[in-house]
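# Survey of secondary and tertiary structure
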Amino acid sequence: MQECTAVRSCNLGIKTLYFSMDTTELIRIGVYGTSILLILIGLYAVLTKRSLIKIIIGLSIIDGGIHLLLIGIGYIKNGTAPIFSPGSENAVARMVDPVPQALVLTAIVIGFGVTAVALSLVIRLYRHHNTLKIDEIKNLKW
Amino acid sequence: MKKAIVIFLLAVFGFFLAVTFLDPEFEIDRNRNGVKNVYLEKTVSELGTANTVTAIVVNFRGFDTLGEVTVLFLAATALGSILFKKRHHIGDRTVLIPASSIVSAGAKLIFPAIILLGAYVFIHGHLTPGGGFQGGTIIATGFLLMLIAYRDFSISHNILSVIESFAGIGFVVFGLLGFMNGGTFLQNFMGTGVLNDLISGGVIPIIYILVGFKVAAELTGLIYTILHEKG
Amino acid sequence: MVGSPVLLIAIPLLAAFLIPLLGMVWKESVRIIPGLVLAYLTFLSASLYIEVINTDTIVEIIAGWRPPWGINLVFSPLTGFLTTIMTFMGFIVWLYSYRFKRNVEFEAAKKYFIFLMLLVAGSVGIVITGDIFNQFVFIEIVGISAYALTAFYTGRDSAEAAFKYLIMGSLSASALLIAIIIIYSQLGTLNMAQIAANIDNMNPYYRIIAMIFFIIGIGVEAEIFPLNGWAPDAYTEAPGPVGGAFSGIVAKAGIYAMVRMMFTLFDIEGPMKILIVIGLITLIVAETSALRQEKLKRMLAYSSIGQMGLVLVAFGMGTKAGVFAALFLMLNHAITKPMLFLSGSFLTFNTTEKYIKQITGMAKKMPVVSIIFVLGALAITGFPPFSGFWSKMAFLSAAADENLLFIMATILIISIFEVVYYFRVINRLFFFEYDDKISIEPHKPGFNGMIALFVLAFIVLMIGFYPSSVTGFIDLAADDLMNTHQYIDKVLQLGQTIIQ
């Protein structure tokens, strides 16, 4: 590390310090942080919003956050896609974990199915009550 | 008041999540010896498939995929059951606003391209990223476009149902065939061929193609059911 | 060899995909095929179970990859026990609802039977799978079938009940996914046996967080407090036999998942305070709520939730006696509760509101059904010499072994509550006069429904008078659950019996 003899060198010194945190760590914190944020936002929507559609949107946002989290844990430093092409059969060590990707595929489809059923229930509720506001629909004790 | 409680709870919850996931000890690639290594190794050697994710979805964890296909089937059936109408009017639609001229002019052009893309994606699922679910969804999007653009575009619900059922039955039958050919359920019993050929990977592309058809038929049927729901 | 465990799931799925096709050709097939499938499942499950008891646990591999690289199914004294009960009850519910909506709305009937069949198949999947993500998928299958069945009637409230169920189910599924994420990222595997073997390698803090998320994730299906808010409404709005299916099949699968997680995955030995606490709160809240109910199905729903709480307390004791009592309670509940739901459904057939006071004096008009209802009530509350008595005794003795006096006292008090609210109904049935103005029309039950009820009644009586007919099986199942090492060995070394 060079000594901080002039102003310019000092600035360089500070910048070097800042990037001494691994890019991998940055990516990790970024991805995980975003997914946690998404989960919280979605949860907030489900718990506080008064409109049925917004609640369902909240569920979708939560799903999005979780899927992002799931893919995120599969990351390997400088990893590449787990697809083999002629000549790259030996690249196993540098491949990203394929399992979370497969899990996410399933999870997305399942989330989609549940959302579809939820929307159909909303359509039926709307048919009966002509409103989407949850307060007016709450017949049964919560 | 209630919002304050919720925000407080969320903050606590978020804190726990953050402490768990953002902890430096929760490192990446911690499980160097996890199952994925075997998957990555065996995909080419034993299954002849280039796309590891496809191999996992259809073969290693094919049982999950079967369950997933069932979930889709259930969702489509549930939609039909929940939005039940006593009489079925063909041509009764809730889309009352006609599509703009751009959409109606372009839809006819784009539709074949979308179908082709979708088919490409799910036929090549074992070679390139993609597969049955992705391709099927693309195809369903094409149908959605047509349904929105043209008021009199209609598909026979029966045909969709038949495709859906046949594809589902095909999936289970291939699984049972693996069973009967001296192996276990869903085991690959066909030759694996040369890597990166279109015909390679044994049962995997076949099953994925079936899944592609099923998903396309199911999603289209789903959209159709909702569109025909009279308010 | 009649078949292998995977057929318990593959056949119902195949049938579910076939029914829409066959329904186009021959209408009656949509009612008959599920019945055949469920009968076959019961038979297959029973014969596999007998084989497992006589030889060894069956670990079946899927797709030709040995665990932990492939998914595997585990058919053991415990899982076989539960599966046989569940498939049998599925068959009974089918039998009862055979004439459902007979001449009307063919589409609706077709879908009803598909959902019912997949509800059973999914629950069986939850029990026999050896992989946590696979379990998640099956939980979702059960979930969607349940949402659709709850919303089955076109009345006003069923969509709302289903929606509530869906939201809570979705949130809990998300929590379950987070738990799976934590486990996979730390241990690199999704196989239950391998997780159990390596769980000590995991940071204890992460372990606790994962466990909490698991409990939230499975709690909705297992109907624990406070995640059971959906249950009373869902049970009330769903068709009567479906209430029986929920309580007899789905709840059992949920409890199994919870217990498998605690006992095997996290390999917790000794008393599990968290289960006891959750179970007690669930029990107390549910049973006191049951006292205040005026609708029959809602009362039965709360009673069912309470029983599940009791089962959790029994499991939470962590001893073999506790597990034995819990499994015994589960068995009795699985037979008796559906019997109550089914007979109650007949009694309240001609009303949509299903208020208890509407069946005043019904005993004179529908004597057989009323007597069966009474039998169910006596069995569940634990009157000797009926079945519930033995399971409650087992529970009390297990609690006494551990000097858990507070629990024993609570159970006795709760039993008094149960007697009160069940006898209120019986009182109305038998000792009041049938009044045209309040009571509804009696319903003449169909032949199939009566057979279903008689079979259940027979089993209840048999367990009551000859408890030793079942205690052997329960004992083996209890052993199986307690023995984590055996589970790990059997799966990872593929045991001695492998289905090829």
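Everything below is about the structure printed above this text.
So, here is what we can say about the structure in this document. All figures in this text were calculated on a predicted structure; none of them were measured in a lab.

Before going further, it helps to spend a moment on the overall build of chain A. Along the backbone of chain A there are five helices and zero strands. Of the regular secondary structure in chain A, the N- to C-terminal order runs α-α-α-α-α. The buried share of chain A, taken over its 142 residues, is 44%. Within chain A, contacts between residues at least 6 apart in sequence are counted, and of these 51% link residues at least 24 apart.

Scanning the model with the defined rule gives nine salt bridges over all chains in all. Its salt-bridge partner being B:Arg61, residue C:Asp131 comes within 2.6 Å of it at the nearest N-O pair. Taken together, the residues C:Asp131 in the loop between helix H4 (106-128) and helix H5 (132-150) and B:Arg61 in the loop between helix H3 (52-60) and helix H4 (62-82) connect one chain to another. According to the relative accessible area criterion, B:Arg61 is buried, its value standing at 6%. Among the salt bridges present, the one from C:Asp475 reaches C:Lys320, with a minimum N-O distance of 3.3 Å. Placement of C:Asp475 in helix H19 (residues 468-482) and of C:Lys320 in helix H13 (residues 320-347) is noted, with a sequence separation of 155 residues between them.

Across the boundary between the two partners, chain B contributes 56 residues, which contact 61 residues of chain C. Each partner contributes to the roughly 5000 Å² buried at the junction of chain B and chain C, and carbon and sulfur atoms together form 74% of this total. Among the residues of chain B in contact with chain C, B:Val35, B:Phe63 and B:Leu74 are the three that bury the most area, contributing 14% of the side total. There are one salt bridge connecting chain B and chain C. When grouped by side-chain class, the residues that make up the side of chain B that touches chain C number 29 nonpolar, 16 polar and 11 charged.

Once that is clear, we can look at unusual backbone geometry. Residue and element names in this part refer to chain C. Geometrically, the link from Phe225 to Pro226 is a cis peptide bond, its omega value of 0° lying close to zero. Residue placement: Pro226 occurs in the loop between helix H8 (204-222) and helix H9 (230-237). Positive phi, close to 65°, is recorded for Glu223, a residue that is not glycine. Structurally, Glu223 is set in the loop between H8 and H9. Under the relative-accessibility criterion, Glu223 is labelled buried at 2%.

Facing 32 residues of chain C, the contacting portion of chain A comprises 36 residues. Carbon and sulfur atoms supply 77% of the area that chain C and chain A bury against each other, a total of about 3000 Å² over both sides. For chain C, the biggest contributors to the area lost against chain A are C:Glu160, C:Phe163 and C:Ile181; these three give 21% of the whole. Along the contact surface separating chain C from chain A lie zero salt bridges.

On to the packing of H13(C) against helix H18 (residues 447-465) of chain C. All names here are of chain C. Interaxial distance between H13 and H18 falls to 10 Å at its minimum, and their mutual angle equals 145°. Crossing hand, H13 versus H18: left-handed. Where H13 approaches H18, its residues Phe328, Leu331, Asn332, Ile335, Thr336, Pro338, Met339, Leu342, Ser343 and Phe346 are matched on the opposing element by Gly449, Met450, Leu453, Leu456, Ala457, Ile459, Val460 and Ile463. Across the contact of H13 with H18, the residue classes tally to 14 nonpolar, four polar and no charged.

With that out of the way, let us pick up the nonpolar core. Membership of the largest hydrophobic core comes to 286 residues, with the highest contact counts inside it found for B:Phe21, B:Phe63, C:Phe214, C:Phe315, C:Leu327 and C:Phe395. It is helix H6 (residues 156-187) of chain C that contributes the most residues to this core, 18 residues altogether. Ignoring sequence-local partners within four residues, the contact set of B:Phe63 consists of B:Phe185, B:Leu186, C:Val6, C:Ile9, C:Ile62, C:Ile71, C:Leu73, C:Asn134 and C:Phe138. In this structure, B:Phe153, B:Leu160, B:Ala217 and B:Ile223 belong to the second largest nonpolar core, which totals 13 residues.

The rules behind these values
Residues numbered from 1 in each chain as written. Chains lettered and ligands numbered in written order. Predicted model: local features only at pLDDT ≥ 70, side-chain atom pairs only at ≥ 80, totals over all residues. Heavy atoms only, no water. Helix = DSSP H or I, 4+ residues; strand = E, 2+ residues; numbered from the N terminus. Buried < 20%, exposed > 50% of the residue type's maximum accessible area, 1.4 Å probe, protein only. Contact = heavy atoms within 4.5 Å. Salt bridge = Lys/Arg side-chain N within 4 Å of Asp/Glu carboxyl O. Buried area = accessible area lost by both parts, 1.4 Å probe. Nonpolar A, V, L, I, M, F, W, Y, C, P; charged D, E, K, R; others polar. Axes fitted to C-alpha atoms, helices over the stretch in contact; angles between N-to-C directions. Left-handed = near helix turned anticlockwise from the far one by under 90°. Core = buried A, V, L, I, M, F, W, Y, C linked by side-chain atoms within 4.5 Å.

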